[in-house]
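# Structural characterization, general
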Amino acid sequence: MRVLFKTSYDQDIDLLVLPGERMRVGALIALAILAPLLLSSYYLSELAIFFSFALAGIGLMVLTGFSGQVSFGHAAFVGIGAYVHAVLVARGVPFPLALAAAGLLAGGVGAALGRAVSAMHGFYLAIATLAFSIVMETVIGAMEPVTGGHMGMPVPGIALFGVALEEAWQQHYLYLAVLLFFVWGVANLMRAPTGRAMIAVRDSETSARSLGIDVRSAKMTAFFVSALIAGVAGGLLAHQLQYLSPETFGVGMSLKLMLMIVVGGLGSISGAIFGAVFVSFLPNAIDALRALMPDGLVSQAGLESFIFGAFIAAFIIFEPDGLHGRWRKLRLFLETYPYYKRATFIRQKRYLKTGRFR
Amino acid sequence: MSTLTVDGLTVAFGGIKALDEVSFHVEPGEVFAIIGPNGAGKSTIFNAISRIYTARAGSIRFHGREILELPPHEVVRLGIARTFQNIELFEKATVLQNLLVGRHSRVRRSAWREFLFLPGVRRGERAARRKVEEILDLLDMQHLRDALVCDLPYGARKNVELARALCAEPELLLLDEPASGLNPEETADMSFWLKDIKEELGVTIVMVEHDMNLVGRIANRVMALAGGRVLSVGSVEEVQSNERVQTAYLGAAA
Ligand SMILES: Nc1ncnc2c1ncn2[C@@H]1O[C@H](COP(=O)(O)OP(=O)(O)OP(=O)(O)O)[C@@H](O)[C@H]1O
Ligand SMILES: [Mg+2]
């Protein structure tokens, strides 16, 4: 294994200290910057949708991956963000302000939900968040005068400081900048006390308390940040969808977000990105598979949801660390070849775990 | 004034009294050991101090301040840190991260400043690391700093938990069976560290421990507990020779 000799605390604190890491991230960013030269505007707008989902995934990662609070209703926050943003922009509010308002409002609703469910765990939390998203979907549908109800509402184009961004490449850079800003921000949060408090709450609420962490307020912070990011993602997504209707932000999208972070690997930012790539390509893969499937199966409603669900289950059972974990193992294998032992990643036999608290 | 004064502490689960009017006090700078057969209520005392369990009656005062009025997360701010019998570490985090969480009660936080990583945040991180680094040196754990806790063997975890508690700069340390599950060599290390912690850092220690050898080596006073009641308090010899203590142990063994 490569050992990095650290010579100052700052090396511990800084992001991307390993040269390999720097190169990979740099290459990805360079690729994203060059994308408009390489892709047609159709694919650029597909990429913008991908950026929006990746951002929402990072939001969910903060909540589920870092803070251990499962949410099967995160699409509701994306929806709140999308509607708030679209409504404000339609009323002439400048894009940056509308996007900020979308994030803050979604974050506020998230914090309130977080407070309400702060004593819940596991299954109950999953049900509560699911119920919340169903309620939100209904509320959005019922607020017809503002949201257009189930008839939907059109989303105006993007204008930044009076300049209309109509070209796909212009929007591409805007979306990329927002995504990178939040990736950077979340990475910052996770190397600071607030982020560590989230990890502490995830791994042991009891000892988090005994070390001075107010568990309820840590959960509310996690819900706030997570919902805020999802809301901003919703604002971005709205412009790409061009037309909003409440059903778009239903259970299907929540499931998709959950799949992203589980497949990518809970507890890592790169996991959310890997997962978003995977989930974006999955529908294409499913379409390709459709050709091979018997007719009866292809015409079944909900085939896609079924496959999403199956993937979540499979990853949880076979690779709980997700693609990110796979990647770590692969890298270790290459670096230590031929000395790699499978045992490196097999957990030590657990000692008696009776009497553990929550 | 005593560091810790427990008075008439009663904790009950349903009809069963895990602690029945337990009273004792801990003096500044001493190592106070609590012994007793399984189910005596030893851990329950710690859990009542940490406010994980709610006391039915009694009081727990730290320098005269009533702890039973505080929410759980404020206890450590007074200067009381603890370890757990079953080890409660943050498993999917590194040793360093675990210890930094130990600093939580001593650092200022602001989510949005941290999100933007303003210069003050970096200064805070450096300061936290300086303290953590001291503790890593004290417990001879530098080589573990970047390891994930879930990859560590049992003995190392015990030390990490002790280190994490020390990072809170406690005045009073509650240790629930610090030597259980350790081999003789590790136990010897532990007893040296506890001495260092007491003498160099001036920390007052209350520990639950079954290993009478360790208790004899470092404890100033011992309290024996059985069935939620105090049987005897005094020096190690006094308590060991106490008749009621002997019957309690024999009774438990029989
Ligand atoms: N959460 C709980 N719910 C119900 N009963 C409990 C709980 N915690 C402890 N008890 C009971 O309280 C009594 C004292 O338990 P405690 O854990 O304090 O014992 P102990 O002295 O620490 O024993 P050990 O040496 O096994 O750790 C036991 O009878 C136990 O069953
Ligand atoms: Mg116990």
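Residues numbered from 1 in each chain as written. Chains lettered and ligands numbered in written order. Predicted model: local features only at pLDDT ≥ 70, side-chain atom pairs only at ≥ 80, totals over all residues. Heavy atoms only, no water.

An unreviewed UniProt entry lists chain B under the name ABC transporter ATP-binding protein, from Azospirillum oleiclasticum.

Our working rule: UniProt positions are given in the numbering used here, feature names are shortened, and annotations may be inferred rather than shown by experiment.
Chain A appears in an unreviewed UniProt entry as Branched-chain amino acid ABC transporter permease from Azospirillum oleiclasticum. Per UniProt, the comment on chain A under Subcellular location (unreviewed entry) is "Cell membrane".

### A short note on the overall build of chain A
Using the following cut-off: We count a stretch as a helix when DSSP gives it H or I for four or more residues in a row; a strand needs E for two or more, and each element gets its number in order from the N terminus. Working definition: with a 1.4 Å probe on protein chains only, accessible area under 20% of the residue-type maximum means buried, over 50% means exposed, and in between means partly exposed. Residue contacts follow a heavy-atom distance rule, with two residues in contact if any of their heavy atoms lie within 4.5 Å.
Helix and strand counts for chain A come out as 16 helices and four strands. For chain A, buried positions account for 48% of its 358 residues. Sequence separation of 24 or more characterises 75% of the internal contacts of chain A that already satisfy a separation of 6 or more.

### Examining the sheet that holds strand S1 (residues 4-13) of chain B
Residues and elements named next belong to chain B. Selection criterion: Two strands are said to pair when DSSP picks up at least two bridges between them.
What the four strands build is an open sheet, ordered S2-S1-S4-S5; its pairing is antiparallel. Looking at the sheet topology across the chains shown, the edges are occupied by strand S2 (16-26) and strand S5 (65-66). With five bridges joining them, S1 and strand S4 (residues 57-62) adopt antiparallel strand pairing. Opposite valine 6, over in S4, you have isoleucine 60 as the bridge partner.

### Some points on the nonpolar core
Where we set the bar: The definition of a nonpolar core used throughout is a set of buried Ala, Val, Leu, Ile, Met, Phe, Trp, Tyr and Cys residues joined through side-chain atoms within 4.5 Å.
Residues Leu55, Val186, Leu244 and Phe249 of chain A are the most contacted members of the largest nonpolar core, which totals 99 residues. A per-element tally of this core places helix H11 (residues 215-241) of chain A first, with 14 residues. If sequence neighbours within four positions are ignored, valine 186 of chain A has contacts with Ile58, Val62, Phe66, Ile229 and Ile269 of chain A together with Phe115 of chain B. Leu99, Ala128, Leu162 and Ala226 of chain B belong to the second largest nonpolar core, which has 51 residues in total.

### Topic: the coordination of the magnesium ion (ligand 2)
Residues and elements named next belong to chain B. The criterion, for reference: Each metal site lists N, O and S donors within 2.8 Å (3.2 Å for Na, K and Ca). With water left out of the atoms, a site can look as if it is missing ligands.
For the magnesium ion (ligand 2), every protein donor is listed as Ser43 (OG) and Gln85 (OE1), and the spread of their distances is 1.9 to 2.0 Å. With serine 43 in helix H1 (residues 42-49) and glutamine 85 in the loop between strand S6 (80-82) and helix H3 (95-102), this pair connects stretches of sequence that are 42 residues apart. Relative accessible area serves as the criterion here: at 32%, glutamine 85 is assigned to the partly exposed category.

### Some thoughts on the side chain of serine 50 of chain B
All names here are of chain B. For clarity, the cut-off: Polar contacts here mean pairs of N or O atoms no more than 3.5 Å apart (in protein, one a potential hydrogen donor and the other a potential acceptor; neighbouring residues in sequence count only if both atoms are side-chain atoms).
With respect to the helices and strands, serine 50 occurs in the loop between H1 and S4. The exposure class of serine 50 is buried, given its relative accessible area of 9%. Engagement of the side chain of serine 50 in a polar contact is seen with the side chain of arginine 82, the distance being 2.9 Å. If near-sequence neighbours (up to four positions away) are discounted, serine 50 is found in contact with Pro72, Val75 and Arg82.

### Some details on the pairing of strand S7 (residues 172-176) of chain B
All names here are of chain B. Among the five residues in S7, five count as buried, and that is most of the element. Neither face of S7 is left uncovered, since the one carrying Leu172, Leu174 and Asp176 and the one carrying Leu173 and Leu175 both have all their residues buried. Pairing between S6 and S7: three bridges, direction parallel. Bridging across to S7, arginine 82 finds its partner in leucine 174.

### A word on the interface of chain B and chain A
Let me state the cut-off plainly: What counts as buried area is the accessible surface, traced by a 1.4 Å probe, that two parts surrender upon association, with contributions from both included. Whenever a carboxyl oxygen of Asp or Glu lies within 4 Å of a side-chain nitrogen of Lys or Arg, that contact is scored as a salt bridge. Charged means Asp, Glu, Lys or Arg here, nonpolar means Ala, Val, Leu, Ile, Met, Phe, Trp, Tyr, Cys or Pro, and polar covers whatever is left, Gly included.
With 49 residues of chain B at the interface, the matching set in chain A holds 46 residues. The largest per-residue losses of area from chain B upon contact with chain A belong to Glu88, Phe90 and Phe115 of chain B, which jointly make up 16% of the total buried on that side. Linking chain B with chain A are two salt bridges, by the criterion used here. For arginine 122 of chain B, the salt bridge is made with aspartate 14 of chain A, and the minimal N-O distance between the two is 2.8 Å. At the surface where chain B touches chain A, the tally comes to nine residue pairs in polar contact (both at pLDDT 80 or more). With seven residues, the single largest contributor to the side of chain B that touches chain A is helix H5 (residues 119-138) of chain B. For the side of chain B that touches chain A, the residue count by class is 23 nonpolar, eight polar and 18 charged.

### Topic: the sheet that holds S6 of chain B
Residues and elements named next belong to chain B. What counts is decided by this rule: Note on geometry: axes are lines fitted to C-alpha atoms, helical ones only across the stretch in contact, with angles between N-to-C directions running from 0 to 180 degrees.
A sheet is described by the order of its strands in space; here six strands give the open sequence S6-S7-S8-S3-S9-S10, paired in mixed fashion. Across the chains shown, the open sheet's two edge strands, defined by having one partner strand only, are S6 and strand S10 (229-234). Strand-to-strand, the axes of this sheet are offset by a mean angle of 15°, without reference to chain direction. Taken together, the four bridges between strand S3 (residues 31-35) and strand S8 (residues 204-208) define a ladder with parallel strand orientation.

### Topic: the site of ligand 1
All names here are of chain B. Counted only if it meets this: Being near a molecule or strand, for a residue, means having at least one of its heavy atoms within 4 Å of it. Accessible surface is estimated by sampling points in the Shrake-Rupley manner with a 1.4 Å probe; for residues, cover comes only from the protein chains shown.
Taken together, 13 residues surround ligand 1, and among them Asn38, Lys42, Ser43, Thr44 and Gln85 come closest. Taking glutamine 85, its side chain carries an N or O atom lying 2.8 Å from an oxygen atom of ligand 1. For ligand 1, the protein covers 63% of the area, taking 630 Å² as the surface of the free molecule. Per-element tally for the shell around ligand 1: the top contributor is H1, with three residues. Tallied by class, the residues present in the shell around ligand 1 amount to four nonpolar, seven polar and two charged.

### Let's talk about the UniProt feature "transmembrane region" (unreviewed entry) in chain A
Residue and element names in this part refer to chain A. This chain's UniProt record puts "transmembrane region" (unreviewed entry) on residues 23-40, 47-66, 97-117, 123-143, 173-190, 220-238, 259-281 and 301-318. A helix fraction of 95% and a strand fraction of 0% characterise residues 97-117, whose end C-alpha atoms lie 30 Å from each other. Along residues 173-190 the backbone is 100% helical and 0% strand, and the end-to-end C-alpha distance reaches 26 Å.

### Some points on the packing of H3 of chain B against helix H6 (residues 154-167) of chain B
Residue and element names in this part refer to chain B. Our working definition: Throughout, a crossing is termed right-handed when the near helix is turned clockwise from the far one, and left-handed when it is turned anticlockwise from it by less than a right angle.
It is at 7 Å that the axes of H3 and H6 come closest, and there the two elements cross at 35°. Here the hand of the crossing between H3 and H6 comes out right-handed. In this structure, H3 uses Val95, Asn98, Leu99 and Gly102 to contact H6, whose residues at the interface are Val160, Ala163, Arg164 and Cys167. Classifying every residue of the contact of H3 with H6 by side-chain character gives five nonpolar, two polar and one charged.

### Structural notes on the confidence of the model for chain B
Note the cut-off: pLDDT gives the predictor's per-residue confidence on a scale running from 0 to 100.
Here chain B averages 92 in pLDDT, and 98% of its residues register 70 or above. Under the prediction, the complex receives an ipTM of 0.92, its pTM being 0.90.

### A look at the pattern of salt bridges
Close approach of charged atoms allows side chains with opposite charge to pair. Residues and elements named next belong to chain A. The full count for this structure, using the stated rule, is 14 salt bridges over all chains. In this structure, arginine 202 and aspartate 203 form a salt bridge, with 2.9 Å as the shortest nitrogen-oxygen distance. Judged by relative accessible area, arginine 202 falls into the partly exposed class, the value being 24%. Owing to a relative accessible area of 14%, aspartate 203 belongs among the buried residues under this scheme.

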